[in-house]
Amino acid sequence: MSIEITGVSKRFGDFVALDDVSVSIPSGGLTALLGPSGGGKSTLLRIIAGLETADTGRVQIEGVDATNLSPQKRNVGFVFQHYAAFKHLSVARNVAFGLEIRKKPKAEIRERVDELLKLVHLSQFADRLPAQLSGGQRQRMALARALAVQPSVLLLDEPFGALDAKVRKELRDWLRRLHDEVHVTTVFVTHDQEEALEVADEIVVINEGRVEQIGSPDELYDRPANDFVMRFLGPVTELGDRLVRPHDLQLLPPGSDPGAASGLVKRITRIGFEIRVEVAVGEQTVTVTLNRNEFLALGLHAGSEVQVRVAPEVAGAESRSQVVGAV
Ligand SMILES: Nc1ncnc2c1ncn2[C@@H]1O[C@H](COP(=O)(O)OP(=O)(O)OP(=O)(O)O)[C@@H](O)[C@H]1O
């Protein structure tokens, strides 16, 4: 394990920001700290970085007890949402900064900066000032600067949070590719579940100062530990007293399955390639998402009678995992 957090608690006055948090972060992985605003993600990242001290508990980095080490001694690199670049220095000098203060030989610095600028696709902008870069390019420069000193851990606090949706998406893909090249243990904070699901190898879901679940994107999405994780990771709807994903439901012509619920189609909305069908089942409005072909095959319109059920393969998988869980 690269980072071992054990029993960490943190209060700000009476407010409990972190409550007995223990997390193991594997070496070389890309781990997301995911959760709603105010849940404690940034506080945990800052405690790993040494920018904040825990009231209780320990932090180990690469086998060394870092609990009482200063940020400089932890060998971590960080990037924040609003990256403070040196405005009067060129992009190359900004990237070189950490190496210069460590008094590395000039030739070595030049070589390393060239290599890093290539890695973040900014070679042609080496001589520009930060103000002459776009927001996305500036964050890539920030990453190059953080990587320059070869940290054992890279910590990113909502690194793309201030950028527009399209650039965020590009940078996400880029971060994944960059990580595949350099393999430095990376922990990033996000409140965006799509970002975490797309980019991370492992996700730590944090809410109200506690860890709700740790797992791979698939594990969390398919086997959420509780309703909070289920709701936070993707769309949900209720059928009877069950919480399910809208795409795990099926619609059938009336009278198809004696075990299925009967309802009336209330509303049909097309969202890209998906069709969202709202069905009134008794007092409930159940949301079902279908793909275009499924939808066309049913010939539905507002007012159609339908039956709703959990797709048999999903229901089957659930009962199998309950049996496994019981053994
Ligand atoms: N220095 C501080 N003094 C007082 N309260 C603080 C301080 N830092 C954080 N908090 C509080 O601790 C809680 C957790 O904050 P934190 O920034 O860790 O949450 P977060 O999950 O990262 O949320 P966000 O996504 O909004 O940044 C918040 O309620 C915040 O107001």
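Residues numbered from 1 in each chain as written. Predicted model: local features only at pLDDT ≥ 70, side-chain atom pairs only at ≥ 80, totals over all residues. Heavy atoms only, no water.

Naming follows an unreviewed UniProt entry, where the chain appears as ABC-type quaternary amine transporter of Catellatospora bangladeshensis.

Draft legend 1. Layout of the overall build of the chain. Secondary structure summary: the chain contains ten helices and 17 strands in total. Projected onto its principal axes, the C-alpha positions of the chain cover 80 × 45 × 35 Å. Sorting the 327 residues of the chain into buried and exposed places 45% on the buried side. The long-range fraction of contacts in the chain, counting pairs at least 24 apart against all pairs at least 6 apart in sequence, stands at 62%. Accessible surface, the chain: about 16700 Å² in total, of which carbon and sulfur atoms supply 50%. (Helix = DSSP H or I, 4+ residues; strand = E, 2+ residues; numbered from the N terminus. Buried < 20%, exposed > 50% of the residue type's maximum accessible area, 1.4 Å probe, protein only. Contact = heavy atoms within 4.5 Å. Areas by Shrake-Rupley, 256 points an atom, 1.4 Å probe, with all protein chains shown as cover.)

Draft legend 2. Quick look at the sheet that holds strand β9 (residues 202–207). In space, the six strands of this open sheet follow the order β6-β7-β8-β3-β9-β10, with mixed pairing throughout. Both outer strands of the open sheet, β6 (76–79) and β10 (210–215), are each paired with one neighbouring strand and no more. When strand polarity is set aside, the average angle formed by the axes of neighbouring strands in this sheet is 15°. Strand direction decides the pairing type here: β6 and strand β7 (residues 153–157), joined by four bridges, are parallel. Bridging across to β7, Val79 finds its partner in Leu156. Sitting on the sheet, helix α1 (residues 41–49) touches β3 (30–34), β6, β7, β8 (185–190) and β9, and the angle it makes with β7 is about 150°. The strands that helix α4 (residues 135–148) touches are β6 and β7; relative to β6, the one it contacts most, it runs at about 170°. (Pairing = 2+ DSSP bridges. Axes fitted to C-alpha atoms, helices over the stretch in contact; angles between N-to-C directions.)

Draft legend 3. View of the site of the ligand. For the ligand, the full set of nearby residues is Phe12, Phe15, Ala17, Pro36, Ser37, Gly38, Gly39, Gly40, Lys41, Ser42, Thr43 and Glu158. Measuring from an oxygen atom of the ligand, one finds a side-chain N or O atom of Ser37 at 2.6 Å. Contacts to the ligand include Gly40, whose backbone N or O atom sits 2.9 Å from an oxygen atom. Coverage of the ligand by the protein amounts to 58% of the 630 Å² it exposes when considered alone. Secondary structure elements with two or more residues in the shell around the ligand: β2 (15–25) and α1. Of the residues forming the shell around the ligand, the biggest block, three residues, is contributed by α1. (Near = heavy atom within 4 Å. Polar contact = N/O pair within 3.5 Å; in protein donor to acceptor, adjacent residues only side chain to side chain.)

Draft legend 4. Here's a closer look at the sheet that holds strand β17 (residues 305–310). Strand order in this open sheet of five strands is β13-β17-β14-β15-β16, and the pairing throughout is antiparallel. What marks the edges here is a single partner per strand, and that holds for β13 (249–252) and β16 (284–291). Direction aside, neighbouring strands of the sheet carry axes that sit 45° apart on average.

Draft legend 5. Local environment of the pairing of β10. Relative to β10, β9 runs antiparallel, the two being bridged by five bridges. Looking at β10, one finds that Ile206 is bridged to Val211. Once β9 ends, the chain turns through two residues before running back antiparallel as β10, passing Glu208 with a positive phi of about 45°.

Draft legend 6. The arrangement of helix α3 (residues 106–119) in detail. Between its first and last C-alpha, α3 extends 20 Å over 14 residues, near the 20 Å set by a 1.5 Å rise per residue. Next to the buried residues of α3 lie α2 (91–101), α4 and α5 (165–182). Two residues or fewer after α3 comes His121, characterised by a positive phi angle close to 55°. (Expected span 1.5 Å × (residues − 1).)

Draft legend 7. Geometry of unusual backbone geometry. Positive phi, normally seen in glycine, also occurs at Asn75, with a value near 55°. Relative to the helices and strands, Asn75 is located in the loop between β5 (64–65) and β6. Asn75 gets classed as partly exposed once you look at its relative accessible area, which sits at 35%. Within the chain, Glu158 stands out as a residue other than glycine whose phi angle is a positive 45°. The topology assignment puts Glu158 in the loop between β7 and α5. Given the relative accessible area of 10%, Glu158 is considered buried.

Draft legend 8. Inspection of empty space enclosed by the protein at higher detail. Throughout the structure, instances matching the rule amount to one cavity of 30 Å³ or more. Each pocket or cavity is described by its volume, and for the largest cavity that value is around 40 Å³. Forming the boundary of the largest cavity are Leu147, Leu154, Leu175, Leu178, His179, Val182, Val184 and Thr186. Examining the composition of the lining of the largest cavity, we find that four residues originate from one element, α5, more than from any other. Residues of the lining of the largest cavity, tallied by class, amount to six nonpolar, two polar and no charged. (1 Å grid on protein atoms, 1.4 Å probe; cavity = no way out; pocket = protein on both sides within 12 Å on 5 of 7 lines; lining within 4 Å. Points joined across faces, edges and corners; volume = space filled by probe spheres on them. Nonpolar A, V, L, I, M, F, W, Y, C, P; charged D, E, K, R; others polar.)

Draft legend 9. Structural detail: the packing of α2 against α4. Running from N to C, α2 and α4 cross one another at 25°; their axes reach a closest spacing of 7 Å. Considered as vectors, α2 and α4 are oriented roughly parallel to each other. Read as a crossing pair, α2 and α4 show a hand that is right-handed. Along its contact with α2, which presents Val91, Asn94, Val95 and Leu99, the element α4 presents Met141, Ala144, Arg145 and Ala148. (Parallel < 35°, antiparallel > 145°, perpendicular 65-115°, else oblique. Left-handed = near helix turned anticlockwise from the far one by under 90°.)

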